[in-house]
Amino acid sequence: MNIPAGHVMIVAAVLLATGLFGVIVRRNIVLVLMSLEIMLNAAALAFVAGGSARGADGQVMFLLILTLAAAEVSVGLALVLQLYRRFKTLDVSAAASMKG
Amino acid sequence: MTSVFYISSGIAVLATLLVVTRTNIVHALLFLIVSLLAVAVDLFVLGAQLAAALEVIIYAGAIMVLFIFVIMMMNLGKAEQEANRHRRSPAWLAAGVLSAVLLAELIYVMVANPGPPVGPGNDPREVAKLLYGPYVLAVELASLLLLSGLVGAYHLGRPEQSRAGTARRLDGSPADSSSGSARPTGLGRAERKTQLGAVVAESSGHDSAAIGGSNAGSGPVPTQEEPS
């Protein structure tokens, strides 16, 4: 197989930039969380591509990133539910001001 | 195999672009699933079979189902979609420029030194050996992270009523009921309790009066006579 690791890294970079664009632009907090998932996924792909030349270390890192993403998304979705209960909206700018 | 990689990479990039530009959340979620499956094909072509399988099972399966459940719980209508559609020009431009600059830098670095071709891949047995060999501390830390995520999600996702009930129980209700004038909330609760007691006393008094009346009417053995 003659795919250079740099090409996989470019795909991962494109995915990461798209996810960053989504995090900055979107106001819907569920879409922000989905963009964060895209960014984590791109990082995991980069780990697998970088580690594939020398052993299975990249896949171990992929597994750990997967664990991190699962924990992050469960807490994040619970926060989404709290935001929706308090403000009756999913707009992140509804919670932009602090109380004190 | 090489063309499979490039085709699925193109699908992944296209689906991801569609994710961040949709106004309907469910459509975005479906495109995100397409993107994750395309990345799973990429991983499989790269020789990381375990990673590809976990991507399909956990990312496209479990995490996306979590998203769908939350979206269905909130029951969003047309108004949310309209609110998503309205924000356009300046934010999109600025974020697009920032992301494009970052992307250009990353691509420049990757093109400057493309690195070795990717290896032949590893079967899951080698991953398992590494996980329980040098990375065993990381596995333990990941389990702790999952536990804390579980506790955090449970605490944050509880409904408000049960949380208020816990707070009241922790508040110490006996002190409140004995000294009603201490705090306004305790006073209110004590008043409510006395009102409730009055209602109960009234109704029980009424009952006893009725029973007494039936007693007076029916004679010395009222409880047996009353049904007939």
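Data block above holds the structure.
A quick note: this is a predicted structure, and the numbers were derived from the prediction, not measured. (Residues numbered from 1 in each chain as written. Chains lettered and ligands numbered in written order. Predicted model: local features only at pLDDT ≥ 70, side-chain atom pairs only at ≥ 80, totals over all residues. Heavy atoms only, no water.)

### Focus on the overall build of chain B
Now for step 1: Across its full length, chain B carries 11 helices and 0 strands.
Now for step 2: Across chain B, helices and strands are ordered from the amino to the carboxyl terminus as α-α-α-α-α-α-α-α-α-α-α.
Now for step 3: Within chain B, buried positions represent 26% of all 228 residues.
Now for step 4: Sequence-distant contacts in chain B: of pairs separated by 6 or more residues, those separated by 24 or more amount to 51%.
Now for step 5: Accessible surface computed for chain B: about 14200 Å², of which carbon and sulfur atoms make up 70%. (Helix = DSSP H or I, 4+ residues; strand = E, 2+ residues; numbered from the N terminus. Buried < 20%, exposed > 50% of the residue type's maximum accessible area, 1.4 Å probe, protein only. Contact = heavy atoms within 4.5 Å. Areas by Shrake-Rupley, 256 points an atom, 1.4 Å probe, with all protein chains shown as cover.)

### Thoughts on the overall build of chain A
Now for step 1: From N to C terminus, chain A includes 3 helices and 0 strands.
Now for step 2: Each helix and strand of chain A, placed in order from N terminus to C terminus, yields the pattern α-α-α.
Now for step 3: Expressed as lengths along the three principal axes of its C-alpha atoms, the size of chain A is roughly 55 × 25 × 25 Å.
Now for step 4: When burial is assessed residue by residue, chain A has 60% of its 100 residues classed as buried.
Now for step 5: Looking at chain A alone, contacts between residues at least 24 apart form 55% of all its contacts between residues at least 6 apart.
Now for step 6: A gap of 13 Å separates the mean positions of the 7 positive and 4 negative side-chain charges of chain A. (Lys, Arg positive; Asp, Glu negative; His and termini not counted. Charge placed at Lys NZ, Arg CZ, Asp CG, Glu CD.)

### Remarks on the packing of helix 2 (residues 29-51) of chain A against helix 3 (residues 49-74) of chain B
Now for step 1: Between helix 2 of chain A and helix 3 of chain B, the shortest axis-to-axis distance is 12 Å and the interhelical angle comes to 175°. Our classification of the angle between helix 2 of chain A and helix 3 of chain B gives roughly antiparallel. Taken together, the residues of helix 3 of chain B that come into contact with helix 2 of chain A (itself represented by Val 30, Leu 33, Met 34, Glu 37, Leu 40, Asn 41 and Val 48 of chain A) are Ala 51, Glu 55, Tyr 59, Ile 63, Phe 67, Ile 71 and Met 74 of chain B.
Now for step 2: Among the residues making up the contact of helix 2 of chain A with helix 3 of chain B, the classes are represented as 11 nonpolar, 1 polar and 2 charged. (Axes fitted to C-alpha atoms, helices over the stretch in contact; angles between N-to-C directions. Parallel < 35°, antiparallel > 145°, perpendicular 65-115°, else oblique. Nonpolar A, V, L, I, M, F, W, Y, C, P; charged D, E, K, R; others polar.)

### Some points on the interface of chain A and chain B
Now for step 1: Counting residues at the interface gives 68 residues for chain A and 78 residues for chain B.
Now for step 2: Buried surface at the junction of chain A and chain B, both sides included, amounts to about 6800 Å², of which 76% is carbon and sulfur.
Now for step 3: The interface formed by chain A and chain B contains 0 salt bridges.
Now for step 4: On the surface where chain A and chain B come into contact, there are 9 residue pairs in polar contact (both at pLDDT 80 or more).
Now for step 5: Elements supplying a minimum of two residues to the side of chain A that touches chain B: helix 1 (5-25), helix 2 and helix 3 (57-87) of chain A.
Now for step 6: Sorting elements by how many residues they give to the side of chain A that touches chain B places helix 3 of chain A first, with 24 residues.
Now for step 7: Its residues assigned to classes, the side of chain A that touches chain B shows 46 nonpolar, 15 polar and 7 charged. (Buried area = accessible area lost by both parts, 1.4 Å probe. Salt bridge = Lys/Arg side-chain N within 4 Å of Asp/Glu carboxyl O. Polar contact = N/O pair within 3.5 Å; in protein donor to acceptor, adjacent residues only side chain to side chain.)

### Description of unusual backbone geometry
Now for step 1: Despite not being glycine, Lys 88 of chain A shows a phi value in the positive range, around 55°.
Now for step 2: Relative to the elements of secondary structure, Lys 88 of chain A occurs in the segment after helix 3.

### As for the packing of aromatic side chains
The way to describe two aromatic rings as a pair is by their centre distance and the angle between their planes.
Now for step 1: Taken as a whole and judged by the stated rule, the model has 2 aromatic pairs over all chains.
Now for step 2: The interplanar angle of 70° and the centroid separation of 5.7 Å between the aromatic rings of Phe 21 of chain A and Trp 92 of chain B together place this pair among those described as edge-to-face. Here the residue Phe 21 of chain A occupies a position in helix 1, and Trp 92 of chain B occupies one in helix 5 (residues 89-112), the pair thus bridging two chains.
Now for step 3: With a centroid separation of 5.2 Å and 75° between ring planes, the pair formed by Phe 5 of chain B and Tyr 6 of chain B is classed as edge-to-face.
Now for step 4: The positively charged end of Lys 88 of chain A is found above the aromatic ring belonging to Tyr 84 of chain A, 5.8 Å away from the centroid. (Phe/Tyr/Trp six-rings, centres within 6.5 Å; stacked < 30°, edge-to-face > 60°. Lys NZ or Arg CZ within 6 Å of the ring centre and 35° of its normal.)

### A closer look at the nonpolar core
Now for step 1: Judged by nonpolar contacts, the single largest core of 61 residues is most densely connected at Val 30, Met 34, Leu 45 and Val 80 of chain A together with Phe 67 of chain B.
Now for step 2: Secondary structure elements with two or more residues in this core: helix 1, helix 2 and helix 3 of chain A together with helix 1 (2-21), helix 2 (25-45), helix 3 and helix 6 (124-131) of chain B.
Now for step 3: Setting aside chain neighbours within four positions, we find Val 30 of chain A in contact with Val 80 and Leu 90 of chain A together with Ile 25, Phe 67, Ile 71 and Met 74 of chain B. (Core = buried A, V, L, I, M, F, W, Y, C linked by side-chain atoms within 4.5 Å.)

### As for helix 1 of chain B
Residue and element names in this part refer to chain B.
Now for step 1: The terminal C-alpha atoms of helix 1, which comprises 20 residues, lie 29 Å apart, in line with the 28 Å expected from a rise of 1.5 Å per residue.
Now for step 2: Restricting attention to buried positions, one finds in helix 1 the residues Phe 5, Ser 8, Ser 9, Ala 12, Ala 15, Thr 16, Val 19 and Val 20. The arc enclosing the buried residues of helix 1, seen along the axis, measures out at 135°, which places them on a common side. More than 90 degrees from the buried face of helix 1, the exposed residues found are Ile 7 and Leu 14. (Expected span 1.5 Å × (residues − 1). Arc of directions from axis to C-beta.)

Taken by themselves, the reported measurements are silent on function.
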